[in-house]
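Summary of the model geometry
What follows is each chain in one-letter form.
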Amino acid sequence: LYSTEPRAHTQRCLTLALRMLHALTGLLRPDQAQTVLKIGVSAGPFASGIIGLQSPRYSIFGDTVNTASRMASTSVQCSAQDPFVQISPSAHALLGQSSLTPDWVPRELVVAARLEAVQVKGKGAMGTFCLTKR
């Protein structure tokens, strides 16, 4: 399943994100509140490697990773009831489609342009997209 094609990686990341959101549908926390998962996806270069001597760990880092993290932490719902995945402009551009609904997205889901710019720490105002239910 490995591919060097960036569009394929973006599609796989978004498919995984959607499956994670679907798996949490109806899952309640111990206090009976709905479980909320915030997911952000970005695309671009990053570095990876094993860091640390005492407790070595594999890690990825770079501006792309930071942007994806900011997509998750600054996410607000596209609509009051539906969870979604917030996508950076670079990830959206890799989908390679002029329409906002790529052909691989399941019919019940749609990519919608955000109407307002999101304030992203370290980046300022950023126009983002969200993948959510119709």
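Here the structure is shown first, and the text comes after it.
First, a word on scope: everything that follows refers to the structure included in this document. On a predicted model such as this, the values are computed, not experimentally measured, just so you know.

1. Here we look at the layout of surface pockets
- There is about 580 Å³ of room inside the largest pocket.
- In terms of lining residues, the largest pocket is bounded by 21 residues, among which His9, Cys13, Val41, Ser42 and Phe46 are the most central.
- Every element with two or more residues in the lining of the largest pocket is listed here: α1 (6–23), β1 (39–41), α2 (63–73) and α3 (89–94).
- Among the elements that line the lining of the largest pocket, the one with the most residues is α1, at eight residues.
- Tallied by class, the residues present in the lining of the largest pocket amount to 13 nonpolar, seven polar and one charged.

2. Quick notes on unusual backbone geometry
- We note that glutamine 32 has phi near 70 degrees; this positive angle belongs to a residue other than glycine.
- Overall, the relative accessible area of 54% leaves glutamine 32 in the exposed class.

3. Thoughts on the nonpolar core
- Residues Leu14, Ile39, Val41, Val85, Ile87, Ala91 and Leu131 are the most contacted members of the largest nonpolar core, which totals 13 residues.
- If you tally residues by element for this core, the top one is α1, at four residues.

4. With respect to the pairing of strand β4 (residues 84–87)
- What you see with β4 is no split at all: Phe84 and Gln86 on one side and Val85 and Ile87 on the other are buried throughout.
- Of the strand pairs in this sheet, β1 and β4 are connected by three bridges, and their pairing is parallel. The partner of valine 41 across the bridge, within β4, is isoleucine 87.

5. Regarding α1
- Between its terminal C-alpha atoms α1 stretches 26 Å, which fits the 26 Å expected from 18 residues at 1.5 Å a residue.
- Within α1, burial applies to Ala8, Thr10, Gln11, Leu14, Ala17, Leu18 and Leu21.

Rules behind the numbers
- Residues numbered from 1 in each chain as written.
- Predicted model: local features only at pLDDT ≥ 70, side-chain atom pairs only at ≥ 80, totals over all residues.
- Heavy atoms only, no water.
- 1 Å grid on protein atoms, 1.4 Å probe; cavity = no way out; pocket = protein on both sides within 12 Å on 5 of 7 lines; lining within 4 Å.
- Points joined across faces, edges and corners; volume = space filled by probe spheres on them.
- Helix = DSSP H or I, 4+ residues; strand = E, 2+ residues; numbered from the N terminus.
- Nonpolar A, V, L, I, M, F, W, Y, C, P; charged D, E, K, R; others polar.
- Buried < 20%, exposed > 50% of the residue type's maximum accessible area, 1.4 Å probe, protein only.
- Core = buried A, V, L, I, M, F, W, Y, C linked by side-chain atoms within 4.5 Å.
- Pairing = 2+ DSSP bridges.
- Expected span 1.5 Å × (residues − 1).

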